[in-house]
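A structural walkthrough
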Amino acid sequence: MSVKILAKKIAVHIPAAKRAAVRVRDRIGVRRYQKQYANRIRTDVKQVVFTAYSGRQYACSPKALYEKMLSMEEYAQYHFTWAFLRPEDFAFLKERPRTTVVRYRSEEYYKAMAAAGTWISNTRVPSEVWPKEDQLYVQTWHGTPFKKLGYDVTNYIHGADDKKSLRYSYLTDARRMGMLLSPSPYYTEHMVTAFHLDALGKASIVLEKGYPRNDSLYTATEEDVARIREQLGVAGKKVILYAPTWREKNLHPETGHGYAEGMEFNMGWDVNAWEDYLVSQGEDPGEYAVLLRTHYFDVAGEDIFCHAMLKDVSEYPEINDLYLAADVLLTDYSSVFYDYKILQKPAVFYLYDLEDYRGVRDFYMDPDKLPGPVCTTRQRMHEALLGALKGEVREEPKRDEAFLNTFAPTKGPCSETVLRHIFR
């Protein structure tokens with residue numbers, strides 16, 4: 001057995017050794033990045049690097065800010081770099097003005113990061129890249145949190161040792177951040193504690209001016225909705241958007257407790273049973289469509305999509321389009337409902353494994369306060385779902401208004417305002 005393989009096995013099974021190895025790896029990575037790139041490349045304040053979901057997608061607030069910059073004359077001299085795990089899938093961006101596409105964590109990526117005056121990302125950037133004094137790292141994150149994050153996680157399924165590793169990763173990112181975008185006071189409060197910003201003396205880096213990725217929810221027209229539904233093949237249907245979160249307990253032990261892509265996906269909802277329920281209620285299943293949007297850590301098997309009612313939209317590039325196309329959202333512990341409810345459409349929460357999930361991650365908000373029926377059984381979920389689709393189950397307007405005042409108080413497009421704070 002080689003020394004390298006032996007070291008990996010020790011790191012997986014001895015948490016303290018794993019944490020020490022990660023810290024050594026990070027220090028070596030930072031020194032290499034600084035020596036080869038940061039110290040050799042001059043910063044250009046008019047270059048910006050964008051990443052979304054660690055290079056997986058062209059999406060979220062980085063996309064919204066990039067597209068707004070392209071449309072504004074005051075940024076006509078700026079140059080943009082997008083980083084992707086599979087840059088060939090996003091070659092169309094090269095046709096955009098002043099835009100370059102690179103492979104995430106490649107040499108070209110590191111050169112771009114060393115040169116750019118501004119980094120804009122919705123997930124933590126690689127541990128080896130650290131901003132210079134004349135660079136600004138803008139963290140947009142990727143949603144208002146329902147599940148506890150970072151330093152706020154108390155009960156963690158992988159135990160106290162991995163909780164320390166989780167906190168280390170959040171603290172590492174917090175130390176590099178120069179700005180953290182926020183859509184609400186609620187978000188600000190919890191992200192400050194999750195990233196330990198108070199302890200670092202950095203609570204003031206939060207910019208509470210709205211969430212750029214939600215701009216299109218405020219500006220969409222009925223024509224936009226009709227076009228999206230036609231494009232998705234669900235025109236004339238009663239549309240359910242099913243967006244479950246991922247479950248950490250499914251991580252494969254051989255990953256060393258890292259985020260595992262390609263792990264077995266548990267649908268959590270039997271669409272055949274939903275079809276049977278519709279028939280029992282005198283409904284025509286052919287009038288209904290289910291759009292499945294998995295978490296980006298999950299990979300659903302092809303056998304799941306044998307049902308004619310079910311359509312996989314996990315790779316669909318713009319989740320806001322799915323919100324607009326849906327008549328009702330069905331979800332569990334995902335944070336998607338915070339953005340979706342801007343449209344003031346009904347949501348149903350299927351928490352079939354609630355007590356089990358509490359042993360994995362706790363919540364910032366009591367599930368009883370979720371903006372829609374909370375269902376722990378399939379029968380109750382089916383009843384609530386059909387009721388919502390038929391207009392019989394909706395939040396009271398006052399409760400909807402109170403929800404939006406708490407979680408989305410901006411009530412309108414904000415990208416232009418946010419950009420002027422970033423580049424002032």
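If you're wondering where the values come from, they're calculated on a predicted model, not measured in any experiment.

Some details on the packing of helix α3 (residues 60-71) against helix α16 (residues 415-422)
The geometry of α3 relative to α16 is characterised by a closest axis approach of 10 Å and an angle of 85° between their N-to-C directions. Here α16 runs roughly perpendicular to α3, going by the angle between their axes. Mapping the contact onto sequence places Ala64, Leu65, Lys68 and Met69 in α3 and Ser415, Glu416, Val418, Leu419 and Ile422 in α16.

As for the pattern of salt bridges
Within this structure, the stated rule accounts for 19 salt bridges. Across the pair Arg420 and Glu74 runs a salt bridge, and its minimum N-O distance is 2.4 Å. A residue pair is termed long-range when its members are at least 10 positions apart, and Arg420 in helix α16 and Glu74 in the loop between α3 and β2 (79-84) qualify at 346 residues. Two residues, Asp224 and Arg227, come together in a salt bridge whose shortest N-O distance is 3.6 Å. Separated by three residues within a single helix, Asp224 and Arg227 lie in helix α9 (residues 222-232), roughly one turn from each other.

Points about the nonpolar core
Among the nonpolar cores identified, the biggest contains 72 residues, and Tyr33, Leu232 and Phe337 are the most heavily contacted of them. The residues touching Leu232, leaving out its near neighbours within four places in the chain, are Leu291, Lys311, Val313, Tyr316, Leu322 and Ala325. Counting 29 residues, the second-largest nonpolar core is a separate cluster that includes Val48, Tyr53, Ala59 and Ile422.

Some points on the sheet that holds strand β10 (residues 310-312)
Ordered by their spatial adjacency, six strands build an open sheet running β10-β9-β8-β11-β12-β13, and the pairing between neighbours is parallel. Two strands close off the open sheet at either side, each with one partner strand: β10 and β13 (374-375). As paired strands, strand β8 (residues 238-243) and strand β11 (residues 328-331) are joined by four bridges and run parallel to one another. Its bridge partner being in β11, Ala243 is matched across the sheet by Thr331. In the packing of helix α14 (residues 378-389) onto the sheet, the strands contacted are β8, β9 (288-292), β11, β12 (347-350) and β13, and the crossing angle to β12 comes to about 170°.

Some points on the packing of aromatic side chains
In the structure shown here, the tally under the stated rule is 43 aromatic pairs. The interplanar angle of 5° and the centroid separation of 5.6 Å between the aromatic rings of Trp82 and Phe84 together place this pair among those described as stacked. Like Trp82, the residue Phe84 is buried in the burial classification. In textbook terms, an aromatic cluster arises when at least three aromatic residues are bridged by ring pairs, as seen for Phe146, Tyr186, Tyr333, Phe337, Tyr338, Phe349, Tyr357, Phe363, Phe403 and Phe407. Over the aromatic face of Tyr170 sits the side chain of Arg124, whose NZ or CZ is 4.5 Å from the ring centroid. Between the NZ or CZ atom of Arg176 and the centre of the ring of Trp130, over which it lies, the distance is 5.5 Å.

What about the environment of Thr43?
With respect to the element layout, Thr43 can be found in the loop between α2 (15-38) and β1 (44-51). Look at Thr43 and you get buried, because its relative accessible area is 15%. For the pair formed by Thr43 and Thr118, sequence separation is 75 residues and the distance between their alpha carbons is 9.4 Å. Here the side chain of Thr43 touches Lys132 through a polar contact of 3.0 Å, side chain to side chain. For Thr43, the side chain forms a polar contact with the side chain of Asp134, separated by 3.0 Å.

As for empty space enclosed by the protein
All told, the structure shown has three cavities of 30 Å³ or more when counted by the stated rule. If you add up the space inside the largest cavity, you get close to 110 Å³. Along the wall of the largest cavity there are 16 residues; nearest its centre are Pro183, Tyr211, Asn214, Tyr218 and Ala408. Where the lining of the largest cavity is concerned, the elements lending two or more residues are α8 (215-219) and α12 (336-340). The residue inventory of the lining of the largest cavity, partitioned by class, reads nine nonpolar, five polar and two charged.

Definitions and limits used
Residues numbered from 1 in each chain as written. Predicted model: local features only at pLDDT ≥ 70, side-chain atom pairs only at ≥ 80, totals over all residues. Heavy atoms only, no water. Axes fitted to C-alpha atoms, helices over the stretch in contact; angles between N-to-C directions. Helix = DSSP H or I, 4+ residues; strand = E, 2+ residues; numbered from the N terminus. Parallel < 35°, antiparallel > 145°, perpendicular 65-115°, else oblique. Contact = heavy atoms within 4.5 Å. Salt bridge = Lys/Arg side-chain N within 4 Å of Asp/Glu carboxyl O. Core = buried A, V, L, I, M, F, W, Y, C linked by side-chain atoms within 4.5 Å. Buried < 20%, exposed > 50% of the residue type's maximum accessible area, 1.4 Å probe, protein only. Pairing = 2+ DSSP bridges. Phe/Tyr/Trp six-rings, centres within 6.5 Å; stacked < 30°, edge-to-face > 60°. Lys NZ or Arg CZ within 6 Å of the ring centre and 35° of its normal. Polar contact = N/O pair within 3.5 Å; in protein donor to acceptor, adjacent residues only side chain to side chain. 1 Å grid on protein atoms, 1.4 Å probe; cavity = no way out; pocket = protein on both sides within 12 Å on 5 of 7 lines; lining within 4 Å. Points joined across faces, edges and corners; volume = space filled by probe spheres on them. Nonpolar A, V, L, I, M, F, W, Y, C, P; charged D, E, K, R; others polar.

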